[in-house]
Amino acid sequence: MSMDTEVLVVGSGPAGIAAAATAATHGREVLLLDDNPAPGGQIWRDATAVQEEPDEVKRKTFLTLRVSGARIFSGWRVFDAPRAGVLRAINDGGAEIHAIDVSYEQLVLATGARERFLPFPGWTLPGVFGAGGLEALARGGLSVTGKRIVVAGTGPLLLPVAAHLRQMGGRVTTVAEQASRRQLARFSTFLSSQPRKLIEGLQYRAASGGSRYRPGCWPVAALGTDKVESIRLTDGDRTWEEPCELLACGFHLVPNTELAVLLGCSLRDSFIEVDDAQRTSISNVFAAGEPTGIAGMESALLTGTMAGLAAAGKLDEAKALLPRRQKFERFAARLKTAFALRPEVLALAQPDTIVCRCEDVTYDSLKGYEDWNDAKRQTRCGMGPCQGRVCGPATEALFGWPASSVRPPLFPVPLSVMGACPNRPPQKQ
Ligand SMILES: Cc1cc2nc3c(=O)[nH]c(=O)nc-3n(C[C@H](O)[C@H](O)[C@H](O)COP(=O)(O)OP(=O)(O)OC[C@H]3O[C@@H](n4cnc5c(N)ncnc54)[C@H](O)[C@@H]3O)c2cc1C
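Residues numbered from 1 in each chain as written. Predicted model: local features only at pLDDT ≥ 70, side-chain atom pairs only at ≥ 80, totals over all residues. Heavy atoms only, no water.

1. Section: helix α5 (residues 181-191)
Here α5 has its buried residues at L184, F187, F190 and L191. Down the axis, α5 shows its buried residues gathered within 115 degrees of arc, on one side only. The exposed residues of α5 that point more than 90 degrees off its buried face are R181, R182, R186 and T189. Those residues of α5 hidden inside the fold are in contact with β10 (171-177), α6 (195-207), β11 (212-215) and α10 (322-338). (Buried < 20%, exposed > 50% of the residue type's maximum accessible area, 1.4 Å probe, protein only. Helix = DSSP H or I, 4+ residues; strand = E, 2+ residues; numbered from the N terminus. Arc of directions from axis to C-beta. Contact = heavy atoms within 4.5 Å.)

2. Section: empty space enclosed by the protein
Evaluated as defined, the whole model comprises one cavity of 30 Å³ or more. Its boundaries defined by the atoms lining it, the largest cavity holds a volume of some 30 Å³. The wall of the largest cavity is formed by E115, A131, T154, L157, L158, G250, H252 and L253. A per-class count over the lining of the largest cavity returns four nonpolar, three polar and one charged. (1 Å grid on protein atoms, 1.4 Å probe; cavity = no way out; pocket = protein on both sides within 12 Å on 5 of 7 lines; lining within 4 Å. Points joined across faces, edges and corners; volume = space filled by probe spheres on them. Nonpolar A, V, L, I, M, F, W, Y, C, P; charged D, E, K, R; others polar.)

3. Side note on the environment of A110
When you line up the elements, A110 lands in the loop between β6 (98-109) and β7 (113-115). The exposure class of A110 is buried, given its relative accessible area of 7%. Between the alpha carbons of A110 and F286 there is a distance of 8.7 Å; along the sequence they are 176 residues apart. Each residue touching A110, except ones within four places of it in the same chain, is listed here: V10, G11, A15, G16, A288 and P291.

4. Remarks on the site of the ligand
Near the ligand there are 31 residues, and of these A15, D34, D35, N36 and E290 occur at the shortest range. The contact in question runs from an oxygen atom of the ligand to an N or O atom on the side chain of D34, over 2.8 Å. Relative to its free-state accessible area of 980 Å², the ligand is covered by the protein chains to the extent of 92%. Among the elements of the structure, α1 (14-25), β4 (77-83), β7, α3 (131-139) and α8 (297-311) are those that each provide at least two residues to the shell around the ligand. Here the residues of the shell around the ligand sort into 13 nonpolar, 12 polar and six charged. (Near = heavy atom within 4 Å. Polar contact = N/O pair within 3.5 Å; in protein donor to acceptor, adjacent residues only side chain to side chain. Areas by Shrake-Rupley, 256 points an atom, 1.4 Å probe, with all protein chains shown as cover.)

5. Re the sheet that holds β10
Strand order in this open sheet of five strands is β8-β15-β9-β10-β11, and the pairing throughout is parallel. Looking at strand neighbours, the two that pair on one side only are β8 (128-129) and β11, the edges of this open sheet. In this sheet, strand β15 (residues 246-251) lies alongside β8 in parallel orientation, the contact comprising two bridges. Along β15, the bridge assignment pairs F129 with A248. (Pairing = 2+ DSSP bridges.)

6. A look at the sheet that holds strand β13 (residues 230-234)
Spatially, β12-β13-β14 is the arrangement adopted by the three strands of the open sheet, whose pairing is antiparallel. Two strands in the sheet have a free side with no partner beyond their single neighbour: β12 (218-223) and β14 (239-243). Along the sheet, successive strands turn relative to each other by an average axial angle of 25 degrees, direction set aside. One ladder, built from five bridges, connects β13 with β14; its direction is antiparallel. Directly across from L233, in β14, lies its bridge partner W240. (Axes fitted to C-alpha atoms, helices over the stretch in contact; angles between N-to-C directions.)

7. Quick look at unusual backbone geometry
A cis geometry characterises the amide bond from P408 onward to P409, with omega recorded as -5 degrees. Relative to the helices and strands, P409 resides in the loop between α13 (391-399) and α14 (415-420). The backbone phi angle of S270 is positive, close to 75 degrees, even though this residue is not glycine. Phi is positive for Q387, which is not a glycine, with a value near 55 degrees. Relative to the elements of secondary structure, Q387 occurs in the loop between α12 (372-379) and α13. A relative accessible area of 36% places Q387 in the partly exposed class.

In structure tokens:
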């Protein structure tokens, strides 16, 4: 199957929705494609298990998308870029598997971010989830009612996760934030210049009330036989155990840049490099949202609007929004400093701790390799179904190995799909 469009947007979180709606409103033919069952991305994921307050920003954003005329393809995952100006996607959610080649004139990458996981003893036990991952599962229907939950790790996501899990009936006992009280105090002082964000944080703190919020506290081990039964926490001076049935644990976010790298876009500090109008190093490819900087939903909406304007040829209008983007860039820089990983959490893995859970590769067996490619070749680390999405950022943090190669397929796809698609030109080895 193949089709073409003037503007193709990959990712329908806030950034992708804003980009698609803006480009379509400016008269472009737009296709918005995303691997989830419905638009919304991480923050506006469909919630079956929670009664949410009406959200005016969300309502307006979806309304703008609806009236813009952009076509929406949900449930399609881009896994390859077989030729210049063409992306290949798969839909395997139904009884049949379909693949499609989409040709575009302009492309907007709005592929979001994912959680960073760091290995520690017991982190692969059933009942241990990513923080945002557990929230997403609970929103999708996994019952957390009455379950004793500890939320741990680092980053601004921990508080909303704790608040939402409580709202869905979970008994969140502790939120363990590895950043020190002093770092958080500095961050709060900075936030006083962005009162909306400060109020949002305080609201989440209030909504997660009843649970202890412990700055300067991190997980040492998840304990249990067949599933997690307790978590060992430390504040550096004291170590103690807390019983839990679920552990929601994530160490801030890392950008999804694999598709950008496959296309040949340049990165800067692990993010897609963009100019003042969200244009990447490839002239007809733009990027928006978290792959260009982790700064939250409002920033994603703004950079999505800029990318949509630029893709529609309205470069001056896009650049006019730059001062607002710069404000979010300052916020992103503060987030990075406030939630920087302390050395202790980078030293949690023991020799027998699994680092690559797809291929069962232990910490000990990774020591001694020079880089990610060397370790991959010798141990199969990063060669399983997640294609290094989990262990890649972990090994980067633990060993300083930046992920250096991306190859198609970006996600596992059935052989029948690979066989049925027209061949790619041979790749240089
Ligand atoms: C697990 C998780 C939970 C979060 N929960 C919250 C929360 O509760 N509250 C909050 O304030 N912030 C939350 N955030 C942060 C939030 O994601 C951002 O603030 C904001 O939504 C980012 O918007 P975005 O459009 O850049 O990316 P996203 O919202 O992440 O949207 C990106 C979309 O692109 C899709 N995609 C990526 N690659 C492909 C591909 N190859 N093919 C097709 N589709 C693709 C993704 O599936 C996703 O739907 C969460 C983040 C994560 C990672």
